[in-house]
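Structure at a glance
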Protein chains: 2
Amino acid sequence: MPVNIAPLDPAALHPVAGVEIGIASAGIKKPGRKDVTVFRLAPGSKVAGVFTLNRFCAAPVRLCQQYLQQYTAGGKEIRALVVNTGNANAGTGVDGLNRATAICAELAASWGLATEQVLPFSTGVILEPLPSEKIIAALPEATADLSPSNWAAAASAIMTTDIVPKASSKQIQIGGKTVTITGIAKGSGMIHPNMATMLGYVATDAAISQDLLPGLLKHAADVSFNSITVDGDTSTNDSFILIATGQAGHAEITAADSAEFAALQAAVVEVSQFLAQAIVRDGEGATKFISINVSGGASYDECKAVGYAIGRSPLVKTAFFASDPNLGRILAAIGYAGIQDLDVDQIEVRLDDVLVAKDGGRHPDYREEQGQAVMNKAEIAININLQRGAHSATVWTCDFSYDYVKINAEYRS
Amino acid sequence: MPVNIAPLDPAALHPVAGVEIGIASAGIKKPGRKDVTVFRLAPGSKVAGVFTLNRFCAAPVRLCQQYLQQYTAGGKEIRALVVNTGNANAGTGVDGLNRATAICAELAASWGLATEQVLPFSTGVILEPLPSEKIIAALPEATADLSPSNWAAAASAIMTTDIVPKASSKQIQIGGKTVTITGIAKGSGMIHPNMATMLGYVATDAAISQDLLPGLLKHAADVSFNSITVDGDTSTNDSFILIATGQAGHAEITAADSAEFAALQAAVVEVSQFLAQAIVRDGEGATKFISINVSGGASYDECKAVGYAIGRSPLVKTAFFASDPNLGRILAAIGYAGIQDLDVDQIEVRLDDVLVAKDGGRHPDYREEQGQAVMNKAEIAININLQRGAHSATVWTCDFSYDYVKINAEYRS
């Protein structure tokens, strides 16, 4: 079962003015399963997206990138999103592009939009032809279901191997107005930086100029979805979308150094981090949630490299599964993180607050029982100080259990 | 059980003139276990070594590097090796260096050598103080056991989580003389490029000039131990040593473009590849042996990057464990191998001889039964043609099973 995720409370998910969501069953993989989700965005909405860096990126990712590029170059507004589970439409060549385009065109026609105003998303089995006819046939049902209150339903509808739906919502004050930030995400296995098998949608009714949105999104992605790893694989379909409808009624945020921008960014980061951490907590077979805090680095990138070397190591992850305070595996991972001039004698490593390593080896005061006490917990922090600079980064990961192998040996993704 | 390794035949391991080996029990981890191995090299022997790139490299690795540097700078010949299992002497700081030095000094004194003529090696638990007194106390027993015929015994004595001993031997003709190449290796988990938790010793009685030896060793390491992966972790202690005693009686090889050099190199590569592949076959929990052949690359490095992306992927490896011809996971791994300008529509992927992917997706003629038939085998080749150049590389890996998790959750390395 997932590590410490409270059940989703639909009432805690505030609607976002300007965003309606509809759900439908297309029967893509399982009859009756809600597998199609549409988002309708009010006119004036601003949209930004970041996507997988996998060269085998899926057809919908290519279309999203193309449509967003046209939009930011002065083209028509993005006004709709359509998401399906059960089929990733990846490794499907020209046919895949045609089928994704057909879905966008159909939804656009029925909503009075142009094709390129509709962003498509798919997740599920790779290399199978997308049953676009089924999805198209389900669009009227999804349209009829449109409602501002469907966030929780959408969080469930976009799940694949996820055990629990993932959603978060927050309200802040900007210019005397209440601003809402609500988001959902899916993804459990194959999660790694650059956004593996992950779909994330965060929407706000804040008013912000279009040129500020990509930077805000990139920062939020860096410290959330791009700071987690479950098994190190990166997928073909990962997408993270930020929507700002501008309907909250405050003056548009136009400066990145304003207090309003800072407040909005902090709230978007908070929602995004909650979603990203929920993905790790729901990692395939996860029994422990591990925060790797790396400080004292010469750069953000080297801190993140150390965090990922530890967070990806099968040896570290199986040791955490076994509740074994196996310091050596952590130190070895730090050692191969790729920092050529790393002075290992300077490094301090703590398990939670327990100082375990210093001066290139185990700290003389450290007692195995102390490490064992930490390892028995379901939430563990590995705190590393490289003592060579002022930068820091955090990576979140989970342990590696029998169930990880079982799920991935049996699931055809 | 290991995948397709024939039981070791001690009679097939030819002694190497100029190399004697002795084994002893020091009781480092288990009473009575043969855990100390010494090699005595005849005067005139040439030695080269390559070592882990892990910044947390162990004390013996630091000493080996220092002694080999002194030797190649005109210092005294390397005349002895001493190897212990049960303790890696890694993350042990200054005390670890002192203890490793003490062992070298003791063996040197009893054999009439200088300390820096003895290379030390350790493998086993990290972060525990090395019981150097026990090892020193066992040196007389090891010395008394010295024999040219102890290769098989040494292959067993250097094992840790290995299930089977690994050794290979070959004889070729150079200048009308019989030249022997014999080697042993250990290592099962934590195996990845740059030589993780791996010890390898290959000796030949060929005569070759000292300046040619490092290049020969590096090439042999690149296409053997640095072309395998079990779980992607790299260790603190990996070492690969090549010894040439010069006692075969032929004229010394002094030119890298000579037929004699080519013949010797080919034989050293063959022995090294057998040992490296045996490590994968004995990978922790392995049930399948997988060769990833990447051709048509713009460079050797990019071919190897593709091979390693596939060979390290937990998703690919669990699919192989399940005998699931899950092409999508292979394509996804190719996609994130880091080749920025990769044209995925050009790539051909075959499982053994079965063409499974072409033109950016599944080949229309491919039938799942064909892939399934290949996946049911214990030895599988993934053949990838990037169709963008003339370079190629091969990476060997194994699958990822329940037993991998079990072994690594329970073993304190």
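For the structure, check the block above.
How each quantity is defined
Numbering of residues starts from 1 in each chain and follows the order in which that chain's sequence is written. The naming scheme follows written order: chains are lettered A onward, ligands numbered 1 onward. Two thresholds apply to this predicted model, a pLDDT of at least 70 for residue-level local features and 80 or more for giving and counting side-chain atom pairs, whereas whole-chain, interface and lining totals are computed over all residues. Where side-chain values are given, they derive from all heavy atoms of the structure, hydrogens and water being excluded. Cysteine sulfur atoms that pair up within 2.5 Å are treated as a disulfide. Only protein chains enter the accessibility calculation, which uses a 1.4 Å probe. A residue is then buried if its area is under 20% of the maximum for its type, exposed if over 50%, and partly exposed in between. Paired strands, in this sense, are two strands between which DSSP finds at least two bridges. Secondary structure elements are taken from DSSP: a helix is a run of H or I of four residues or more, a strand is a run of E of two residues or more, and numbering for both begins at the N terminus. Axes here mean lines fitted to C-alpha atoms, for a helix over just the part in contact, with angles spanning 0 to 180 degrees between N-to-C directions. Whether two residues are in contact is decided by their heavy atoms, any of which lying within 4.5 Å being enough. Take the buried Ala, Val, Leu, Ile, Met, Phe, Trp, Tyr and Cys residues and link them wherever side-chain atoms come within 4.5 Å; each set so joined is a nonpolar core. The definition of a polar contact used here is a pair of N or O atoms within 3.5 Å, where within protein one atom must be able to donate a hydrogen and the other to accept one, and adjacent residues in sequence count solely through side-chain atom pairs. Oblique is the label for every angle not falling under 35 degrees (roughly parallel), over 145 degrees (roughly antiparallel), or within 65 to 115 degrees (roughly perpendicular). By definition, any crossing whose near helix is turned counterclockwise from its far helix by less than a right angle is left-handed, and any crossing with a clockwise turn is right-handed. Amino acid classes used here: Ala, Val, Leu, Ile, Met, Phe, Trp, Tyr, Cys and Pro are nonpolar; Asp, Glu, Lys and Arg are charged; the rest, including Gly, are polar. When the centres of two rings from Phe, Tyr and Trp lie within 6.5 Å, Trp using its six-membered ring, the rings pair. Their planes under 30 degrees apart give stacked, over 60 give edge-to-face, and anything left gives tilted.

1. As for the state of the cysteines
Residue and element names in this part refer to chain B.
- Per the counting criterion, the structure on display carries 0 disulfides over all chains.
- Unpaired in terms of disulfides, Cys-57 finds its nearest cysteine sulfur in Cys-64, a separation of 10 Å.
- Classification of Cys-57 by relative accessible area gives buried; the value is 13%.

2. Thoughts on the sheet that holds strand β3 (residues 46-51) of chain A
Residues and elements named next belong to chain A.
- The strand order across the open sheet built from 5 strands is β3-β10-β8-β7-β6, with neighbouring strands paired in mixed fashion. Where the open sheet ends on each side, the last strands, each with one partner, are β3 and β6 (166-174). Taken pair by pair, the neighbouring strands of this sheet meet at an average axis angle of 10°, ignoring direction.
- By the bridge criterion, 6 bridges tie strand β8 (residues 199-204) to strand β10 (residues 239-244) in an arrangement that is parallel. Looking at β10, one finds that Thr-204 is bridged to Ala-244.
- Docked against the sheet, helix α5 (residues 213-222) engages β3 and β10, running at close to 40° with respect to β3.
- Sheet strands touched by helix α6 (residues 259-281): β6, β7 (177-186), β8 and β10. Its angle to β6, the strand with the most contacts, is close to 165°.

3. Thoughts on the nonpolar core
- Judged by nonpolar contacts, the single largest core of 93 residues is most densely connected at Ile334(A) and Ile384(A).
- Not counting the four nearest positions on each side in its chain, Ile334(A) is found in contact with Val306(A), Ile310(A), Leu342(A), Ile347(A), Val349(A), Ile384(A) and Phe56(B).
- Counting 55 residues, the second largest nonpolar core, distinct from the first, contains Ile21(A), Leu130(A), Trp151(A) and Ala154(A).

4. With respect to the environment of Lys177(B)
All names here are of chain B.
- Relative to the assigned elements, Lys-177 resides in strand β7 (residues 177-186).
- Accessibility expressed as a relative area gives 37% for Lys-177, which makes it partly exposed.
- For the pair formed by Lys-177 and Ala-251, sequence separation is 74 residues and the distance between their alpha carbons is 9.6 Å.
- If near-sequence neighbours (up to four positions away) are discounted, Lys-177 is found in contact with Ile-172, Ala-248, Gly-249 and His-250.

5. Points about the side chain of Asn150(B)
Residue and element names in this part refer to chain B.
- Of note, Asn-150 is situated in the loop between α3 (132-144) and α4 (151-157).
- Relative accessible area serves as the criterion here: at 12%, Asn-150 is assigned to the buried category.
- Discounting residues that sit within four places of it in the chain, Asn-150 has contacts with Ile-21, Gly-22, Ile-23 and Asp-145.

6. Points about the sheet that holds strand β9 (residues 228-229) of chain A
All names here are of chain A.
- Read from one edge to the other, the open sheet built from 7 strands follows the order β9-β16-β11-β15-β12-β13-β14, with strand pairing classed as mixed. Since the sheet does not close on itself, it has two edges, and those belong to β9 and β14 (361-362), each with one partner.
- Relative to strand β16 (residues 391-398), β9 is paired through 2 bridges, and the arrangement is parallel. Among the inter-strand pairings, Thr-229 is bridged to a residue of β16, identified as Thr-397.

7. Observations regarding the side chain of Gln117(A)
Residue and element names in this part refer to chain A.
- Here Gln-117 lies in the loop between α2 (93-111) and β5 (118-122).
- Under the relative-accessibility criterion, Gln-117 is labelled buried at 9%.
- Only 2.8 Å separates the side chain of Gln-117 from the backbone nitrogen of Ala-114, close enough to count as a polar contact.
- Contact partners of Gln-117, with chain neighbours within four places excluded, come to Lys-76, Glu-77, Ile-78, Arg-79 and Ala-80.

8. Description of the packing of helix α1 (residues 59-72) of chain A against α2(A)
All names here are of chain A.
- Put simply, α1 and α2 touch, their axes get as near as 8 Å, and they point 60° apart. In this view, α1 runs oblique relative to α2, as classed from their interaxial angle. Two packed elements cross with a definite hand, and for α1 against α2 that hand is right-handed. Between α1 and α2, the contacting residues are Ala-59, Arg-62, Leu-63 and Tyr-67 on the first element and Gly-96, Leu-97, Ala-100, Thr-101 and Cys-104 on the second.
- Of the residues belonging to the contact of α1 with α2, the class tally is 6 nonpolar, 2 polar and 1 charged.

9. Details of the packing of helix α2 (residues 93-111) of chain B against α3(B)
Residues and elements named next belong to chain B.
- Viewed as axis vectors pointing N to C, α2 and α3 meet at an angle of 25°, and their least axial separation amounts to 10 Å. Classified by the angle between their axes, α2 and α3 sit roughly parallel to one another. The two elements α2 and α3 cross, and the hand of that crossing is right-handed. Counting all contacts with α2, which are made through Arg-99, Ala-102, Ile-103, Glu-106, Leu-107 and Trp-111, the residues of α3 involved are Ser-132, Glu-133, Ile-135, Ile-136, Leu-139 and Thr-143.

10. Quick look at the environment of Arg33(A)
- Within the secondary structure, Arg33(A) is located in the loop between β1 (19-24) and β2 (36-41).
- Between the C-alpha atom of Arg33(A) and that of Thr85(A), which follows or precedes it by 52 residues, the distance is 9.6 Å.

11. Here's the deal with the packing of aromatic side chains
- For the structure shown, the criterion picks out 9 aromatic pairs over all chains.
- Here the aromatic rings of Phe39(A) and Tyr201(A) are separated by 5.2 Å at their centres, their planes lie at 35°, and the arrangement is tilted. In this pair, Phe39(A) is assigned in strand β2 and Tyr201(A) in strand β8, connecting sequence segments 162 residues apart. The same class applies to Phe39(A) and to Tyr201(A), which are both buried.
- When the centroid spacing of 5.6 Å and the interplanar angle of 55° are considered together, the rings of Phe400(A) and Phe400(B) count as tilted. Of this pair, Phe400(A) sits in the loop between β16 and α11 (402-410) while Phe400(B) sits in the loop between β16 (391-398) and α11 (402-410), which puts the two residues in different chains. Residues Phe400(A) and Phe400(B) agree in their burial class; the two are buried.
- Taken together, Phe39(A), Phe121(A), Trp151(A) and Tyr201(A) form an aromatic cluster joined through their ring pairs.

12. Quick word on helix α8 (residues 314-321) of chain B
Residue and element names in this part refer to chain B.
- Across the 8 residues that make up α8, a large majority, 7, are buried.
- All buried positions along α8 are accounted for by Pro-314, Leu-315, Val-316, Lys-317, Thr-318, Ala-319 and Phe-320.
- Looking one or two residues past α8, Ser-323 carries a phi angle of roughly 55°, positive in sign.

13. Focus: the pairing of strand β6 (residues 166-174) of chain B
Residue and element names in this part refer to chain B.
- Sheet topology places β6 next to β7; 9 bridges connect them, and they run antiparallel. Paired with Lys-170 across the two strands is Ile-181, which belongs to β7.
- The antiparallel pairing of β6 with β7 creates a hairpin that spans 2 residues between the two strands, and Gly-175 there sits at a positive phi of about 55°.

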